[in-house]
Amino acid sequence: MNMDDKARDAGRAARAAVGDIPPFDDVVRAQRRRRIVAAVGGAFVVVLFAGGLVALWPATEPDDVAIETTTSTAVTTTTTEPATTSTTVPASTTTTEPPSTTTTTRPLTFEPGYGGKVVIADDQAPPTLNPFVRGGDNFIVRRIGQAMFTGAFDIDGATLEIIPEVVTQIPSVANGGLVVNDNGTLTVNYEIRSEAQWSDGVPISGNDFAFTYETVIDLPREGFFSWPYEPYDEIVPGSIVVGDKTFSVTLRRPTLRWQELFDVLLPKHDVEGADFLNDYSTESWVAGGPFVFDRIEPESGLPRIYLVRNENYWKSDPATGMQLPYLDGVEFRIIPETSTLIREFLNREVDVINPPPSNETIGRLLGEGVDVQLRSSPVWEHFSFQLGELNRNGQSLNRFVEFRRAVAHAIDRDAIGAGSIFTGRDRLDSPFEVATRSLTSSPWAQYDYDPERARELLAEACAAAERDCVANPPTLVFSTTSNAEERPRVARLVEEMLEGVGIQVELELEDSCIFFGPTLDTGSFDMGLWAWVASPGVAGAVATLQIYDPDAPPPEGFNYVRWGTPAVSGVDNEAATQLRCGTGFSIGEFNQGASTVRDEHTERYAELVDAMQSTVDDDLLRSYIAEAEQIL
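Position numbers for residues start from 1 in each chain and track the written sequence from start to end. The model is predicted, so local features are restricted to residues of pLDDT at least 70 and side-chain atom pairs to those at 80 or more, both for listing and for counting; the totals for chains, interfaces and linings are taken over all residues. As a convention, hydrogens and water are excluded, and side-chain values are obtained from all of the structure's heavy atoms.

A. A look at the overall build of the protein. Counting its secondary structure elements, the protein contains 17 helices and 18 strands. Here's how the labels work: a residue is buried when its accessible area is under 20% of the maximum for its type, exposed when over 50%, partly exposed in between, all with a 1.4 Å probe on protein chains only. Out of the 632 residues in the protein, the part that is buried amounts to 62%. Of the contacts formed within the protein by residues at least 6 apart in sequence, a portion of 74% connects residues at least 24 apart. The secondary structure listing takes helices from DSSP runs of H or I that are at least 4 residues long and strands from runs of E that are at least 2 residues long, numbered from the N terminus. What makes two residues a contact is simply this: any of their non-hydrogen atoms within 4.5 Å.

B. Expanded view of the nonpolar core. The nonpolar core is taken to be a set of buried Ala, Val, Leu, Ile, Met, Phe, Trp, Tyr and Cys residues, with the residues joined through side-chain atoms within 4.5 Å. Of all hydrophobic cores here, the largest spans 100 residues; its most connected members are Tyr190, Phe209, Trp258 and Phe262. Apart from residues lying up to four places away in sequence, tryptophan 258 is in contact with Phe153, Ile170, Pro171, Leu178, Leu186, Val188, Tyr190, Leu251 and Val616. Counting 28 residues, the second largest nonpolar core, distinct from the first, contains Ile411, Ala461, Val501 and Leu529.

C. Up close: the sheet that holds strand 10 (residues 246–251). Here a strand pair is declared whenever DSSP counts at least two bridges between the two strands. In space, the four strands of this open sheet follow the order 7-8-10-9, with antiparallel pairing throughout. Of all strands in the sheet, those with a lone pairing partner are strand 7 (178–180) and strand 9 (241–242), marking the two edges. Pairing analysis gives two bridges linking strand 9 to strand 10, with the strands arranged antiparallel. Paired with valine 242 across the strands is phenylalanine 247, a residue of strand 10. Strands in contact with helix 4 (residues 206–217) are strand 8 (186–191), strand 9 and strand 10; relative to strand 10, the strand with the most contacts, it is inclined by about 35°. Between the N-to-C directions of two axes lies an angle of 0 to 180 degrees, each axis being a line fitted to C-alpha atoms and, for a helix, fitted only over the stretch in contact.

D. Representation of the state of the cysteines within the structure. Two cysteine sulfurs form what is called a disulfide whenever their separation falls within 2.5 Å. Scanning the entire structure with this criterion turns up one disulfide. Between the sulfur of cysteine 462 and that of cysteine 469 lies a disulfide, 1.8 Å long from S to S. The sign of the S-S torsion, about -100°, decides the handedness of the disulfide formed by cysteine 462 and cysteine 469: left-handed. The same class applies to cysteine 462 as to cysteine 469, namely buried.

E. Region of the structure containing the sheet that holds strand 13 (residues 329–334). Ordered in space as 4-13-12-11, the four strands form an open sheet in which the pairing is mixed. The sheet is open, and its two borders are formed by strand 4 (117–122) and strand 11 (291–297), each paired with just one other strand. Going from strand to strand, the sheet's axes swing by 20° on average, the running direction of each strand aside. In this structure, strand 4 lies alongside strand 13, joined through six bridges in parallel fashion. Considered in strand 13, the bridge of valine 118 is made with valine 330.

F. Quick look at the pattern of salt bridges. Here, a salt bridge means any Lys or Arg side-chain nitrogen found within 4 Å of an Asp or Glu carboxyl oxygen. Enumeration according to the criterion identifies 25 salt bridges in this entry. For arginine 333, the salt bridge identified is with glutamate 344, shortest N-O distance 3.8 Å. Placement of arginine 333 in strand 13 and of glutamate 344 in helix 7 (residues 338–346) is noted, with a sequence separation of eleven residues between them. The class for arginine 333 is buried, based on a relative accessible area of 12%. Among the residues examined, glutamate 344 registers a relative accessible area of 16% and is labelled buried. Each member of the salt-bridge network shares a partner with another, and the members are Lys117, Arg304, Glu331, Arg333 and Glu344.

G. Structural detail: the packing of aromatic side chains. When the centres of two rings from Phe, Tyr and Trp lie within 6.5 Å, Trp using its six-membered ring, the rings pair. Their planes under 30 degrees apart give stacked, over 60 give edge-to-face, and anything left gives tilted. For the structure on display, the rule yields 24 aromatic pairs. Taking the centre distance of 5.9 Å and the plane angle of 50° together, the rings of phenylalanine 132 and phenylalanine 276 count as tilted. With phenylalanine 132 in the loop between strand 4 and helix 3 (139–148) and phenylalanine 276 in the loop between helix 6 (268–271) and strand 11, this pair connects stretches of sequence that are 144 residues apart. On the basis of relative accessibility, which here comes to 7%, the residue phenylalanine 132 falls in the buried class. Overall, phenylalanine 276 belongs to the buried group, its relative accessible area being 8%. An aromatic cluster is present here, built from Phe153, Tyr190, Phe209, Tyr232, Phe247, Trp258 and Phe262 joined pairwise through their rings.

H. Region of interest: the side chain of serine 239. Inspection of the secondary structure puts serine 239 in the loop between helix 5 (230–233) and strand 9. Of the residues examined, serine 239 reaches a relative accessible area of 15% and is grouped as buried. Here the side chain of serine 239 touches valine 236 through a polar contact of 2.7 Å, landing on its backbone oxygen. Each residue touching serine 239, except ones within four places of it in the same chain, is listed here: Ser248, Val249 and Thr250. Polar contacts, as used here, are pairs of N or O atoms within 3.5 Å; protein pairs need one atom able to donate a hydrogen and one able to accept it. Residues neighboring in sequence count only if both atoms are side-chain atoms.

Next up, the structure:
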């Protein structure tokens, strides 16, 4: 079971990664010249690095070759002392095993035309085609859905900024789309594009927005999986105002959660009266996107999902004025084994693949004449320290900020990157750099590689702990996933670097289903390496910062490192484990004492998180984000 299967991660991961999925209109340009595109990536990009892989068969005319890539990573060592504030920007959310990247292409020089089909292979079968039910937050469901679904907003694949989809503009205080009322509520006004319509020609209207709300708010809540519906709980019942091409709704408070509403719209005229929970597992409603669901063959086992061109799609190519999409169809083929994925790609039986990245895979593709290139995406890889009482390292010094800073200075991030599949990519100095760089002060830049400074800080930490670290050297237990080659490689490099400054390292690598299950949930690691996926905009930055909310320990929150968290009691461990991880996992212990680090910094950080969730004032939000980033 990988992170794409986990409700806590994959939904937001999929939503965040939509900018990485190749626009189908771009894929057809490659396809019509028989350029075969393969995405190898999403994978792992070393500590505070960004970059992903894409493979492409070279064109007959070399100047026409066009690929870019997508994936990324970043890291964070949490300290407690704030530095000076500055300004920051949006970025992330969600934990995952670094999701594989996909492909995207630069404009090609030949004249586009209609026709052709692209075959996209994935290693994971969709458990459903309905994004609103359990399993619908799986990455492959969102990937298929991107071709069929439409929503209020989209994500620009190049900038990762939120852009209008079926609405004419992004609501703001300045354009009157956001109105903070005297009673403390927030009214959001949407104007729907006049040309927006469903695949059967019925105009998309305010009634579809209202029907989407009414459907989602009535869905049964399944424990932890209820989080996709929570933004709709912010809506004041009875506040909806509907027009043919307008829609208004009032939220209980000023909050950025309005950006999470209506990411997938439901066509009222098609879905009303259906058994919504069961009717859309193997079929879909009329489409609002460029393609329409055609069929699944077979409906069990390893299915093939066929989509055909939406003849009533309302978007056109801005470069040519031609109606989109160019393709006649798209086929999603499920191929679980990586070796088979690559073989069928090399045999040109499939056009787009998403295999787990590895040097071996890349070498093989390069050896076959495939063009492999890099480009940034929203996945950031990071190290985190465990500050809870269930840390497996009984001698851990993580509670001392000097120790954490010593580790940060002892790790040569550039050297780690130089040996990875992302050689040559710039390291990240903030997780926000993978989404919107303009609002971050890149505060992690202060932790340059400095072994001498690391030794000085280690001595300070030992003194604070009243420990003779010469006679009894500190030990750090390093945990990450063992399933792919990159993280174990990084683990060995980290071991060497830390031991070089006097920190003994024990490597405890785990299967991903263990590491992303009980290890993270119960906080039993000492220092861990994993990835999160960035979301765009100020709302994305707030979501990233919420990960470390001291008031949100698991199982309700995502503060796996237990930084500043209070004691937790009364949790049904078996139920919480099943909701977060599924069946088959050992039962985790969520009930535990308070964090070993609770001070004025964690208290202020919690205040900032609360403040960020209670305003839509852009200047205030940016100042809160900047201060919170500095505290981290």
